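Here is how the chains run, residue by residue.
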Amino acid sequence: MPTEPDSEAPESLSVAELADLLLAAEAEGRELTPLTDRWAGLDLATAYAVQDAALDRRLQRGERLSGAKLGLTSVAKQRTMKVDEPVVAWLTDRMARPAGRGVAATEFIHPRVEPEIAVLLAQPLRGPDVTAEEARAAIGSVMAAVELIDSRYQDFRFRAPDVVADNASAGAYWLGERRLPVAEVDLARLPVAIRAGGRTLATATSEAVLGDPAEALALAANVLAARGRHLSAGQVVLTGAMTDAVPLTEHPQIEFDFGELGLISIESEVRHAAD
Ligand code: OOG
Ligand code: MG
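Here the structure is a predicted model, which is why all the values come from computation and not from measurement.

Engineer: Would you mind showing me how to read the sheet that holds strand 9 (residues 191–196) here?
Structural biologist: The strands that make up a sheet pair up through hydrogen bonds in the backbone, lying either parallel or antiparallel. Here 5 strands make up an open sheet; going across it, the order is 4-14-13-9-10 and the pairing mixed. Strands with a single pairing partner mark the edges of an open sheet, and in this sheet they are strand 4 (103–104) and strand 10 (199–205).

Engineer: What should I look at first to understand unusual backbone geometry in this one?
Structural biologist: The phi torsion of most residues other than glycine is negative, and most of the peptide bonds are trans. For the peptide bond that leads from G127 to P128, omega is 5 degrees, which places it in the cis range. Mapped onto the elements, P128 comes out in the loop between strand 5 (112–121) and helix 5 (132–138). Even without being glycine, K82 reaches a positive phi, approximately 60 degrees. Among the secondary structure elements, K82 is positioned in the loop between helix 4 (75–81) and strand 2 (87–92). Even without glycine at this site, N167 takes up a positive phi of about 55 degrees. As for its placement among the helices and strands, N167 is situated in the loop between helix 6 (160–165) and strand 7 (170–175). Residue classification places N167 among the buried positions, given a relative accessible area of 6%.

Engineer: How should I be thinking about the coordination of the magnesium ion (ligand 2) in this particular structure?
Structural biologist: The textbook angles at a metal center are 109.5 degrees for a tetrahedron of four donors and 90 or 180 degrees for an octahedron of six. Looking at the metal site, the magnesium ion (ligand 2) is ligated by E114 (OE), E116 (OE) and E147 (OE), spaced 2.0 to 2.1 Å from it. Mapped onto the sequence, the residues coordinating the magnesium ion (ligand 2) show the spacing E-x1-E-x30-E. Residue E116 is found in strand 5, and its partner E147 is found in strand 6 (residues 139–149); the two are separated by 31 residues along the sequence. For E147, a relative accessible area of 1% corresponds to the buried category.

Engineer: It is not clear to me how the pattern of salt bridges should be interpreted in this structure. Could you clarify?
Structural biologist: Should the charged atoms of two oppositely charged side chains come close, the side chains can pair. In total, this model carries 17 salt bridges according to the counting rule given. Here R229 and D52 are joined by a salt bridge, their closest N and O atoms 3.7 Å apart. Of this pair, R229 sits in the loop between helix 7 (213–225) and strand 11 (236–241) while D52 sits in helix 3 (residues 44–60), and the two are 177 residues apart along the sequence. In this structure, D212 and R136 form a salt bridge, with 3.1 Å as the shortest nitrogen-oxygen distance. Note that D212 is positioned in the loop between strand 10 and helix 7 and R136 in helix 5, a separation of 76 residues in sequence. Of the residues examined, D212 reaches a relative accessible area of 12% and is grouped as buried. Residues joined by salt bridges that share partners form a network here, namely E26, R58, R61, E63 and R94.

Engineer: I'm lost on the site of ligand 1 in this one. Help?
Structural biologist: Neighbouring ligand 1 are 17 residues, the closest being K69, L72, E114, S169 and A241. For ligand 1, an oxygen atom lies 3.0 Å from a polar atom in the side chain of E147. Contact between ligand 1 and A241: an oxygen atom at 2.8 Å from a main-chain N or O atom of the residue. Within the complex, 100% of the 320 Å² of free accessible area of ligand 1 lies under protein. According to the grid-proximity analysis, the pocket containing ligand 1 is the largest cavity. Here the residues of the shell around ligand 1 are counted per class, giving 9 nonpolar, 3 polar and 5 charged.

Thresholds, definitions, all that
- Residues numbered from 1 in each chain as written.
- Chains lettered and ligands numbered in written order.
- Predicted model: local features only at pLDDT ≥ 70, side-chain atom pairs only at ≥ 80, totals over all residues.
- Heavy atoms only, no water.
- Pairing = 2+ DSSP bridges.
- Helix = DSSP H or I, 4+ residues; strand = E, 2+ residues; numbered from the N terminus.
- Buried < 20%, exposed > 50% of the residue type's maximum accessible area, 1.4 Å probe, protein only.
- Donors = N, O, S within 2.8 Å, 3.2 Å for Na, K, Ca; no water.
- Salt bridge = Lys/Arg side-chain N within 4 Å of Asp/Glu carboxyl O.
- Near = heavy atom within 4 Å.
- Polar contact = N/O pair within 3.5 Å; in protein donor to acceptor, adjacent residues only side chain to side chain.
- Areas by Shrake-Rupley, 256 points an atom, 1.4 Å probe, with all protein chains shown as cover.
- 1 Å grid on protein atoms, 1.4 Å probe; cavity = no way out; pocket = protein on both sides within 12 Å on 5 of 7 lines; lining within 4 Å.
- Sits in = over half its atoms within 2 Å of the grid points.
- Nonpolar A, V, L, I, M, F, W, Y, C, P; charged D, E, K, R; others polar.

Take it as geometry only, folks, not as evidence of what the structure does.
Structural data, given as structure tokens:
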């Protein structure tokens with residue numbers, strides 16, 4: 001039976017209004033139902049326009065663009081999230097967290113953390129038609145990273161356009177302190193082990209990321225090119241989770257051991273009202 005669209009139905013919202021809706025949900029820690037539940041016509045191009053409009057708002061309020069992230073570049077993530085295409089989103093300096101500093105779970109709706117390989121670009125990268133080889137040549141150094149994702153949608157339930165509009169669930173990220181020149185690592189064979197409470201929760205290698213994180217980097221440049229954007233030298237790119245994400249609140253401390261790239265330990269703190 002057809003239902004009357006209510007006054008808040010996304011049909012009646014512009015790209016700018018959808019960006020505001022998602023940013024307000026983030027600021028207020030409020031969950032939304034997927035936009036596509038009410039607006040089946042929301043396509044990827046419109047969703048990327050919403051993502052770009054939200055980035056403009058972030059920059060207007062003083063955040064600085066620090067780079068880009070990929071999402072859903074591993075089979076593990078695609079299966080769990082039930083979205084089988086990689087997506088690209090923006091990172092700002094506000095999301096960057098200093099190494100060794102804990103995180104307050106109460107800052108977020110339902111935070112999950114996941115291991116990633118991060119690259120620091122020495123050269124700009126402009127699509128279309130960037131190959132993995134060209135992408136690798138643009139990398140200066142390689143680092144371990146942990147991303148905290150915090151979908152603004154209830155229960156992390158979304159379709160591809162929803163998650164694109166929501167900046168691919170970006171919440172926060174930590175970079176490992178050890179930076180290795182790209183020539184000194186085997187980019188497609190970097191290991192990670194996740195440990196918590198004396199147990200190993202998961203292990204993987206960077207091959208899980210589209211076969212090679214350089215493929216993910218090339219994909220980012222090519223997806224950005226479709227809307228006239230590119231990656232700049234000095235930017236960081238998170239190439240996508242190597243394993244499923246771990247709910248932050250299930251463990252007071254989660255260790256991500258990246259072998260030669262070092263260890264990132266995430267401690268979650270309970271923040272008190274007076275803080
Ligand atoms: C979407 C973001 C996925 C990744 O690394 O695969 C992502 C999500 O799972 O909420 O950041
Ligand atoms: Mg991620």
